[in-house]
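Here is how the chains run, residue by residue.
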Amino acid sequence: MPRPQDVHTEIPVSKVLLRIILSKDDIRKIHTDSEPETLDSFHSFLKCKLGLHRDFVVQFQDPDFGNEFCNLTSLSELPEEKATLKVILKQTPESPRTDSTLDTASLSSLSSSSLEDTPTCRRLWPDPFVTPQFSYDVELKLKRGNEAFQESGTLLNISKDTKSEILDKLAEEMYKYSAYPSREQHDLVAQNLVKKHPCLREPGSVKGWYCWKFSLQFKMGNYRNKLRVSGCSELKVNCRNSGPKQKLKKAKKAEVSFLPDIPEGKTQNVLEEERAAIVAEMKKKRVDWKKVTDMMASTFSLRRKEIVEQPPLGAEVKARWPALFTDEQIEAEFARLTSTDLWATFVSGLDQYLERFLQMYRAKSHCIQTLSSLLSLLDDDNSVQKKRAVILRGLPHFLREDPSKLLKTAETTESEEQVAKGVNIGILLIQEEEDVLDFSVVLEEQIVLNGIRDFPHAVAMLVGLLFALNIDYPKELRYTFEVFQKVLLNVGGEQCSARVQTLV
């Protein structure tokens, strides 16, 4: 039943901490940065923050019914400080099926049910990885095999077809989380398979799962090739040709939605028209931000196709997608790419490690003079905001990297071209004598975002833009940006370098 439209004026909701339930394994925490005045604007806010592409229904815990979930029809129903909401995506009509020349037997894992279970936006890799249920006959064989192993230590002698079916199901399950799993992730899947079904252990093997790992790697490659043939955008981009070998285009920063397919019911021409409408809207004196937010979500697949397949310059992206270079849309794009709230997660992670980082800085301050100077700034201002800035500015020094590649100071008397010259990726601090006036983000010697209120926010926006534009981190600040992403934002944090692991 469609949601009734409110014709009366909504009661504005104050800033609220929201716990959003998308599924049993996808529960997020976000803050309302502003005060939505209507239910529609609140829906737009959620769509932007959560990176959703489809229509949805919002439900809240109604105290009148023992906190059971009911549809949210008015903002006045929300609690004042904290609320748990459930977001239910509306189903899209099934598109008519057509015959395919692809071998349907080899694509048994691409049944209609599995297509529904494989979202365009991937889930985060689970910890631990849960071995999926296999078909009834395979599960029956494994049950009997496990019983025999417990009784006498007898290993199961499985047929080639049964092994292939097990590997097919594992590859399908892994693809839900990553199109290109790492070596460690292959190891974990093979280990968990043998742990759950000990009858599948390999005779004569110390660990009992090495051959399963290698078989799984080959099967995953075959599975990617089948999806590539069937038209998956994320995999077609790496289609081999007769030309020189190209760099593999895949998610390198733990993105969960790296190169999504065009949404059902849309075409590339339709999305291009929406992109042109965004450009036109951004030129108006009074921008309709709800309209822009909806169109930016709708055109996500087109934008990623342009950025990933033929990486353009930052200035070219800004000309074609001007809305992307605003705080709100940087956060929305980051949410679409990683299912993570950029600013709320960044500042929360920063506060979590605040005292630990300060303690480590003090321990090193006797041999790193700059750290000592930064810490002395807290003598006059010991606020949380100041501590955040000191931690971020001191990080390159502590990690023995080049801090001049992250932050450059300029005076108001200098021209924009002068201050941005030589800065490929970084942040500008604009000051007048001793007063800090502004922070700006620079990409490819161009100021792409200015008017930022403080240094922590500038760092978050820089990281968000690097994700949005698929730009690699500068080599001179490899470990600094690894801390930003994997420690503070906890995106891909399960795999850190040895140097970064010492911080946590």
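A brief structural summary.

Rules and cut-offs
Residues numbered from 1 in each chain as written. Predicted model: local features only at pLDDT ≥ 70, side-chain atom pairs only at ≥ 80, totals over all residues. Heavy atoms only, no water. Pairing = 2+ DSSP bridges. Helix = DSSP H or I, 4+ residues; strand = E, 2+ residues; numbered from the N terminus. Axes fitted to C-alpha atoms, helices over the stretch in contact; angles between N-to-C directions. Core = buried A, V, L, I, M, F, W, Y, C linked by side-chain atoms within 4.5 Å. Buried < 20%, exposed > 50% of the residue type's maximum accessible area, 1.4 Å probe, protein only. Phe/Tyr/Trp six-rings, centres within 6.5 Å; stacked < 30°, edge-to-face > 60°. Lys NZ or Arg CZ within 6 Å of the ring centre and 35° of its normal. Expected span 1.5 Å × (residues − 1). Parallel < 35°, antiparallel > 145°, perpendicular 65-115°, else oblique. Left-handed = near helix turned anticlockwise from the far one by under 90°. Contact = heavy atoms within 4.5 Å. Nonpolar A, V, L, I, M, F, W, Y, C, P; charged D, E, K, R; others polar. Patch = residues over 30% accessible without salt bridge, like charges linked within 9 Å, V, L, I, M, F, W, Y side chains within 5 Å. Areas by Shrake-Rupley, 256 points an atom, 1.4 Å probe, with all protein chains shown as cover. Salt bridge = Lys/Arg side-chain N within 4 Å of Asp/Glu carboxyl O. Lys, Arg positive; Asp, Glu negative; His and termini not counted. Charge placed at Lys NZ, Arg CZ, Asp CG, Glu CD.

1. Let's talk about the sheet that holds strand S2 (residues 26-31)
Picture the strands of a sheet paired through backbone hydrogen bonds; they go either parallel or antiparallel. Taking strand neighbours across the sheet as the criterion, the five strands line up as S2-S1-S5-S3-S4 in an open arrangement whose pairing is mixed. The strands lining the two open edges of the sheet, one partner per strand, are S2 and strand S4 (68-71). With strand direction ignored, the average angle separating the axes of adjacent strands in the sheet is 35°. Pairing analysis gives six bridges linking strand S1 (residues 17-23) to S2, with the strands arranged antiparallel. Paired with Leu17 across the two strands is His31, which belongs to S2.

2. Some details on the nonpolar core
Phe346 and Phe484 are the most contacted members of the largest nonpolar core, which totals 76 residues. The element best represented in this core is helix H18 (residues 455-468), accounting for eleven residues.

3. A closer look at the packing of aromatic side chains
For the structure on display, the rule yields twelve aromatic pairs. A ring pair is formed by Tyr361 and Phe398, whose centres lie 5.5 Å apart and whose planes are at 35°; its orientation type is tilted. Linking Tyr361 in helix H14 (residues 354-364) with Phe398 in helix H16 (residues 384-398), this pair joins segments that are 37 residues apart in sequence. For the pair Tyr361 and Phe398, one class covers both residues: buried. Here Lys253 stacks its cationic end above the ring of Phe467, 5.5 Å away from the centre of that ring. Sitting over the face of the ring of Tyr473, Lys253 holds its NZ or CZ atom 5.3 Å from the ring centroid.

4. Comments concerning helix H4 (residues 160-175)
Between its first and last C-alpha, H4 extends 22 Å over 16 residues, near the 22 Å set by a 1.5 Å rise per residue. All buried positions along H4 are accounted for by Thr162, Ile166, Leu167, Asp168, Leu170, Ala171, Glu172, Glu173, Met174 and Tyr175.

5. Looking at unusual backbone geometry
A positive phi angle, near 65°, is found at Asn67, a position not held by glycine. With respect to the secondary-structure elements, Asn67 resides in the loop between strand S3 (56-62) and S4. Backbone geometry places Ala254, a non-glycine residue, at a positive phi of 65°. Assignment of secondary structure puts Ala254 in the loop between helix H7 (233-236) and helix H8 (268-282).

6. A look at the packing of helix H12 (residues 327-338) against H18
Orientation of H12 relative to H18, taken along the N-to-C sense of each, is 55°, at an axis distance of 9 Å. Viewed along their axes, H12 and H18 adopt a mutual orientation that is oblique. For the pair H12 and H18, the crossing hand works out as left-handed. Mapping the contact onto sequence places Asp327, Ile330, Glu331, Glu333, Phe334, Leu337 and Thr338 in H12 and His457, Met461, Gly464, Leu465, Phe467 and Ala468 in H18. Counted by class, the contact of H12 with H18 contains seven nonpolar, three polar and three charged residues.

7. What to know about a nonpolar patch on the surface
On the surface, Tyr210, Phe214 and Phe218 cluster together to form a nonpolar patch covering roughly 350 Å² of accessible area. Locating Phe214 in the fold gives a position in helix H6 (residues 210-229). Using a relative accessible area of 43% as the deciding quantity, one classes Phe214 as partly exposed.

8. A short note on the pattern of salt bridges
Summed over the entire model, instances satisfying the criterion amount to 16 salt bridges. A salt bridge links Asp294 to Lys290; the nearest nitrogen and oxygen atoms lie 3.2 Å apart. Residue Asp294 and its partner Lys290 are located together in helix H9 (residues 289-298), separated by four residues, close to a single helical turn. Looking at Asp294, the relative accessible area reads 25%, which means it is partly exposed. With a relative accessible area of 38%, Lys290 lands in the partly exposed category. The partner of Arg453 in a salt bridge is Asp454, with the nearest N and O atoms 3.9 Å apart. With relative accessibility at 57%, the residue Arg453 sits in the exposed group.

9. As for a negative patch on the surface
Judged by side-chain charge, Glu432, Glu433, Glu434 and Asp435 come together as a negatively charged surface patch. Its location among the elements puts Glu432 in strand S7 (residues 425-432).

10. Focus: the sheet that holds S7
Strands sit in the order S6-S7-S8-S9 across an open sheet of four strands; the sheet is mixed. Each end of this open sheet is capped by a strand with a single partner; those strands are strand S6 (407-411) and strand S9 (446-452). Averaged over all adjacent pairs, the angle separating strand axes in this sheet is 30°, with direction ignored. Summarising the sheet, S6 and S7 pair through five bridges and their orientation is parallel. Counted as the bridge partner of Lys408 is Leu428 from S7.

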